[in-house]
Amino acid sequence: MKNNGKSVSGVKIAYIGGGSRGWAWKFMSDLVSCDDISGDVYLYDIDIDAAKKNEIIGNKFNSAEGAKSYWNYVAVEQISEALTGADFVIISILPGTFDEMESDVHAPEKYGIYQSVGDTVGPGGIVRAMRTIPMYEEIAENIKKYSPDAWVINYTNPMTLCVKTLYRVFPEIKAFGCCHEVFGTQWFLCTVAKDIFGLEDLDRHDIKVNPVGINHFTWLTSATCRDKDLYPAYVEFCEKYPQGYAPDGKPDESWRTDTFISTECVKMDLFKRFGVIAAAGDRHLAEFCEGKWYLESPERVAKMHFGLTSVAWRKQDLKERLARSDRLINGEEKVEIEGTGEEGVNQIRAILGLTELITNVNLPNRGQIPNLPLGAVVETNAVFRSGSVTPVLAGELPPSIYPLVARVCGQQERLSECLTKRDVEGIFQVFSNDPLVTCSLADARKLFDEMCQNTAEYLGSYKLSSSR
C-alpha cells in the first residue's frame, strides 16, 4: 500500500463469499464512492461462476456515473490467492443453501414454533450454526496461514458464534463483526426526535447512542439527539402510539406485503416492560424472547405488525437478483452508485488513518460490558482510528434486562463450546433450552433430529446418531 496521509492506494481486499448477489454490489458501490482509497478486490467463492460474474459487475462500477476511485476486481479459484497479501478480509457467506434454510425456518412450524428470521437463535439459528462453524474454522485457519496481519470484517450470521470461532481458532486475529440493526434504531429515534421535539433534517448520525448486549439483541443505555435526552421523549412517544408507529398515526398493513416493514410494536413493548430501548429490528428482537410473547402464532405476529420472513420469499428474491446480475453483465441495466448506509468502507478508511469513526461492532468482551463473561462476543461501540479498533467501555447491562441478555449470552457460550467439540447431545441441550422451543422435550428431540437430517450434507464432522 501507498499512504500519503490523504489517500491510500494499492489496498488489497479479499472478499470471502465474493459471489454474493446483492451484498457485494453494495460494498462495490460504497468503495467506488470514496476518492481517498483504491486498489484490488479478490473475489473468492465456492461458486466460482458467481464470483466471475461479480468480477464483471465490480469492474463496471469504475465507469459508473459518480465513480471517484478505481478498484480492480479479480475472481480467484483458491482462497490462498485471495488472502495472500490481503490488507482486509470481508466474510459474507451463505452457510448452505436456501433449501437447508427452509428446514431451519419452517420445519419447527409443525410443532407450533414460528421464527421471523431463523439465522441467529431459535432452532433455525442453532442448526444454521452447526453448518457454519466448521466453515469458519477453515476460514480462520486460512487467514492465519495466508494473511495473519489483515483486518477481518464479518457480516455472516450467526454473528456472535462466527466472531467467537475466528478468535478461538486464531486468537491474534484482528476481526470484528458488523451489523446494521442499531442503525435502523437510530433512524427510528430520528422519527421520535422529530415527533416529540419538532427537530427537522435529522440523520441517524445525529443520534448518539451507547449500545450494550449481543448481536440482534442489543439495547441502548443512553440516546441523545443534538444534546437532548431521548429517553423522556421515548416514554412520551410510546404512550402516544400504543398500537405502533406509522406516519399517519395509524398502523397500516404494509407489513403484510413487505416482510421487512414493522410498526416497531415489539421494540416499544419491550421498552414498556423493561425501561430500556431495544436496538434491533422487531423480527430479530422477537426471536430472543419467550416464544409466547411475540411469536406464539402468525396471528400474534400480525397483531404486533411485523413479518415472518419465509424462505419462499428469499428464494423468489434470489431469482430476481440472479436475473438482475445477468442484466448488469450484459448491459441491459447499468450499475448505479448509491449510498447504502453501511459502515464497512468507512471502517476501512478509519483503520487506514483517513478518518476517525465511532460505531457499533461485535468483539470479544474485554470488560466493555462488565457483567457479561470475559471472552464472550458482545456488541458495543468501538473507536476506529489509524491501525486500531478499540471497544468502548459501555458499562453494565441494566438490572431489568440483565436476566434476558445473560441467559442468551450463556446459551451462546455453551453452544460455541459444544460446536467446537462436535458434541451433538450438548447442542441438543441448548436447542431444547431455547425460549422459542415451546414444545415437549420428546417433540424437541424429534424436531432436532429431523432438522439435522435435513442439513446432513453439511454436517459430516458430526456424529448425528449420538443425538438419539
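Residues numbered from 1 in each chain as written. Predicted model: local features only at pLDDT ≥ 70, side-chain atom pairs only at ≥ 80, totals over all residues. Heavy atoms only, no water.

1. Overview of the packing of aromatic side chains
Using the criterion set out here, one finds 18 aromatic pairs in the structure. With 4.8 Å between their ring centres and 5 degrees between their planes, phenylalanine 217 and phenylalanine 288 make a pair best called stacked. Of the two residues, phenylalanine 217 is situated in strand 9 (residues 217-225) and phenylalanine 288 in the loop between helix 10 (282-287) and helix 11 (291-294); the sequence distance between them amounts to 71 residues. The exposure classification of phenylalanine 217 matches that of phenylalanine 288, with both residues buried. For the cation-ring pair, lysine 228 lies above phenylalanine 197, with the distance from its terminal atom to the ring centre recorded as 5.2 Å. Positioned above the aromatic ring of phenylalanine 428 is the side chain of arginine 445, whose terminal nitrogen or guanidinium carbon lies 3.8 Å from the ring centre. (Phe/Tyr/Trp six-rings, centres within 6.5 Å; stacked < 30°, edge-to-face > 60°. Helix = DSSP H or I, 4+ residues; strand = E, 2+ residues; numbered from the N terminus. Buried < 20%, exposed > 50% of the residue type's maximum accessible area, 1.4 Å probe, protein only. Lys NZ or Arg CZ within 6 Å of the ring centre and 35° of its normal.)

2. Overview of unusual backbone geometry
A cis geometry characterises the amide bond from asparagine 157 onward to proline 158, with omega recorded as 5 degrees. The topology assignment puts proline 158 in the loop between strand 6 (151-154) and helix 6 (159-169). With a phi angle near 55 degrees, aspartate 201 is a residue other than glycine that sits in the positive phi range. You can see aspartate 201 is positioned in the loop between helix 7 (181-197) and strand 8 (207-214). Phi at glutamate 264 takes a positive value of approximately 65 degrees, unusual for a residue other than glycine.

3. Description of empty space enclosed by the protein
All chains considered together, the criterion is met by four cavities of 30 Å³ or more. Estimates place the volume of the largest cavity at around 120 Å³. As for the largest cavity, its lining consists of 14 residues, and the residues nearest its centre are Val121, Val408, Gln411, Gln412 and Asp434. Considering each element in turn, the lining of the largest cavity owes the most residues, five residues, to helix 15 (residues 402-421). Residues belonging to the lining of the largest cavity are distributed by class as follows: seven nonpolar, four polar and three charged. What the second largest cavity holds in volume is close to 60 Å³. In terms of lining, the second largest cavity is formed by Trp23, Lys26, Phe27, Asp30, Tyr155, Thr340, Glu342, Gly344 and Val345. For the lining of the second largest cavity, the secondary-structure elements that each account for two or more residues are helix 1 (23-32) and helix 14 (344-351). Of the residues forming the lining of the second largest cavity, the biggest block, four residues, is contributed by helix 1. Of the residues belonging to the lining of the second largest cavity, the class tally is four nonpolar, two polar and three charged. (1 Å grid on protein atoms, 1.4 Å probe; cavity = no way out; pocket = protein on both sides within 12 Å on 5 of 7 lines; lining within 4 Å. Points joined across faces, edges and corners; volume = space filled by probe spheres on them. Nonpolar A, V, L, I, M, F, W, Y, C, P; charged D, E, K, R; others polar.)

4. As for the pairing of strand 2 (residues 8-16)
For strand 2, the buried fraction is high: seven of the nine residues fall into the buried class. Where strand 1 (residues 2-3) lies against strand 2, two bridges are found, and the strand directions are antiparallel. In the sheet register, lysine 2 faces strand 2, and the bridge partner there is serine 9. The antiparallel hairpin formed by strand 1 and strand 2 contains four residues in its connecting segment, where glycine 5 sits at a positive phi of about 90 degrees. Alignment of strand 2 against strand 3 (residues 37-44), held across seven bridges, turns out to be parallel. By the bridge assignment for strand 3, tyrosine 15 is matched with leucine 43. For the crossover from strand 2 across helix 1 to strand 3, the handedness is right-handed. Sheet analysis places strand 2 next to strand 5 (residues 88-91), joined by four bridges and oriented parallel. Bridge pairing links isoleucine 13 to phenylalanine 88 in strand 5. (Pairing = 2+ DSSP bridges. Right-handed = clockwise from strand over helix to strand, strands pointing away.)

Interpretation in functional terms is not warranted from these geometric data alone.
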